[in-house]
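Structure assessment
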Amino acid sequence: MYQGNIDILLPHKSESKVEGPDFVEAYMIRARIRAVIGEKQGGVEDFQKAIDIYRARGQSQIADMLLVPLNSLQNEIKYDQEDQSQPEVEDEPKAK
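Reference entry: report on the structure contained in this document. (Residues numbered from 1 in each chain as written. Predicted model: local features only at pLDDT ≥ 70, side-chain atom pairs only at ≥ 80, totals over all residues. Heavy atoms only, no water.)

In this model helix 3 (residues 40-56) runs 24 Å from its N-terminal to its C-terminal C-alpha over 17 residues, within 8% of the 24 Å that 1.5 Å per residue would give. If you check which residues of helix 3 are buried, you get Lys 40, Gly 42, Gly 43, Val 44, Asp 46, Phe 47, Ala 50, Ile 51, Ile 53 and Tyr 54. Contacts made by the buried residues of helix 3 are with helix 2 (24-36) and helix 4 (60-85). Of the residues flanking the end of helix 3, it is Gly 58, one or two places downstream, whose phi is positive at about 80°. (Helix = DSSP H or I, 4+ residues; strand = E, 2+ residues; numbered from the N terminus. Expected span 1.5 Å × (residues − 1). Buried < 20%, exposed > 50% of the residue type's maximum accessible area, 1.4 Å probe, protein only. Contact = heavy atoms within 4.5 Å.)

Below you can see the structure in the form of structure tokens.
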């Protein structure tokens, strides 16, 4: 998981609340930050919230554009889960 200087941008990421429906951009920014630092499920939730806000505003085209990073993040989560459920295969010993 990457922490780096992202903690400066989001020091209390698990406690951060985005207040009010007008902060849709904040949800998108936080979604990207969460994805980078490994909080993929939180990123999915923030992207979904941003999509819901845009749809409620009647801005479906913008909401549809956010489906690309949302689906990408969901696929990463799915891949990570599948990868963890696969038993590790040891290399076969090489003939001498």
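Our next topic: the pattern of salt bridges. Scanning the model with the defined rule gives six salt bridges in all. A salt bridge links Lys 40 to Glu 76; the shortest N-O distance between them is 3.3 Å. A residue pair is termed long-range when its members are at least 10 positions apart, and Lys 40 in helix 3 and Glu 76 in helix 4 qualify at 36 residues. The salt bridge partner of Asp 64 is Arg 55, with a shortest N-O separation of 2.8 Å. Each of Arg 30, Arg 34, Glu 39 and Asp 46 takes part in a single network of salt bridges with overlapping partners. (Salt bridge = Lys/Arg side-chain N within 4 Å of Asp/Glu carboxyl O.)

Geometry only, nothing functional implied.
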